[in-house]
Amino acid sequence: MLKISNISKTFERGTLNEKKALNGVNLHMKEQDFITVIGGNGAGKSTLLNAIAGMFITDEGKIEIDGNDVTKLPEYKRAKYIGRVFQDTKMGTASDMTIEENMAMAMRRGKSRTLRKGITKSERDFFREHLKILDLGLEDRLTTKTGLLSGGQRQALTLLMATMTKPKLLLLDEHTAALDPKTAKKVLELTDKIITEDKLTAIMITHNMRDALKYGNRLIMLDSGKIIVDIPKEEKENLKVSDLLAMFEKASGDSIDNDRMLLG
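Residues numbered from 1 in each chain as written. Predicted model: local features only at pLDDT ≥ 70, side-chain atom pairs only at ≥ 80, totals over all residues. Heavy atoms only, no water.

1. So, the sheet that holds strand 5 (residues 68-69)
As a reminder, the rule being used: We treat two strands as partners when DSSP finds at least two bridges between them. Secondary structure elements follow DSSP: runs of H or I no shorter than four residues count as helices, runs of E no shorter than two count as strands, and numbering proceeds from the N terminus. What makes two residues a contact is simply this: any of their non-hydrogen atoms within 4.5 Å. Lines fitted to the C-alpha atoms define the axes, with helices restricted to the stretch that makes contact. Angles between their N-to-C directions range from 0 to 180 degrees.
Strand order in the open sheet formed by 4 strands is 2-1-4-5, and the pairing between neighbours is antiparallel. Sheet topology places strand 2 (19-29) and strand 5 at the edges, where each strand pairs with a single neighbour. Together, strand 1 (2-11), strand 2 and strand 4 (60-65) form the strand contacts of helix 1 (residues 45-53), whose direction differs from that of strand 1 by roughly 115°.

2. Observations regarding the packing of helix 5 (residues 151-163) against helix 6 (residues 181-197)
To keep it simple, the criterion reads: Any angle from 65 to 115 degrees is called roughly perpendicular, while one under 35 is roughly parallel, one over 145 is roughly antiparallel, and all others are oblique.
Remark: helix 5 packs on helix 6, axes separated minimally by 10 Å, with the N-to-C direction vectors making an angle of 10°. Here helix 5 is positioned roughly parallel relative to helix 6, judged by the angle of their axes. Facing G152, A156, L159 and T163 of helix 5, the residues of helix 6 in contact are T183, V187, L190, T191 and I194.

3. Remarks on the side chain of K236
To keep it simple, the criterion reads: Relative accessible area decides the class of each residue, using a 1.4 Å probe on protein chains only: under 20% of the type maximum gives buried, over 50% gives exposed, and in between gives partly exposed. Only four residue types enter the charge count: Lys and Arg as positive, Asp and Glu as negative, with His and the chain ends excluded. A side-chain nitrogen of Lys or Arg and a carboxyl oxygen of Asp or Glu constitute a salt bridge if their distance falls within 4 Å.
The residue K236 is located in helix 8 (residues 233-236) in this model. Buried and without a salt bridge, K236 has E237 as its closest oppositely charged side chain, separated by 7.7 Å. In this structure, K236 is in contact with T36, A212, L213, K214, Y215, G216, N217, R218, L219 and I231, ignoring residues within four places of it in sequence.

4. Describing unusual backbone geometry
Positive phi, normally seen in glycine, also occurs at D135, with a value near 55°. Along the chain, D135 falls in the loop between helix 4 (121-131) and helix 5. The exposure class assigned to D135 is exposed, which follows from its relative accessible area of 62%.

Encoded structure:
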């Protein structure tokens, strides 16, 4: 479903700040794969998702989504294939727009624009039914501006918006990192529920090794812009955090120097 072939990206090439962020990455995903991604700071995790989403064009290599070559396509043209949730809870919604307005924009993302304005009754009914999934009472607050919601409410709404039209690929970039532990747990459980029930294909970056082991059917580790370990479901189910640390050190020749990963 997703096929990444030998992609590389160097930022600020030829300067003192030159950084090779991706280094010959290959990754093939089947439909309904749910991959969790771990790695230390600067390993290339978010850069990989940015490359897939089209936030920049890679220096080399090829990216295919659902059999379509999107390597040279800009971000807005890839939007019809991709749903994404960022770490920053404010990035997924427009603060000065209402819940229903945000959901309407999400539902029409990647589609041809028409002259029709406003939100129909059937759309409102559709939004209410989907909001009930969150169990946050937002189905009764359609006209509330999202800037008035808590961080957890906004992130749950963003997740719902990103998956409402069942994208070919869902990208989750540490989407619970800015939330308190209780809210993060709820959003993660909701994430797993939506991915499973809607049979989505997803990639989730996390700094929490326990979450990386608990969720998904596959786990990959990045280091210095490369995938150094790729663990299938059968092996992943029997691993502990200490096993992951040992595997990382063996594959990279170094230890993970990242408090969030060690304490998670």
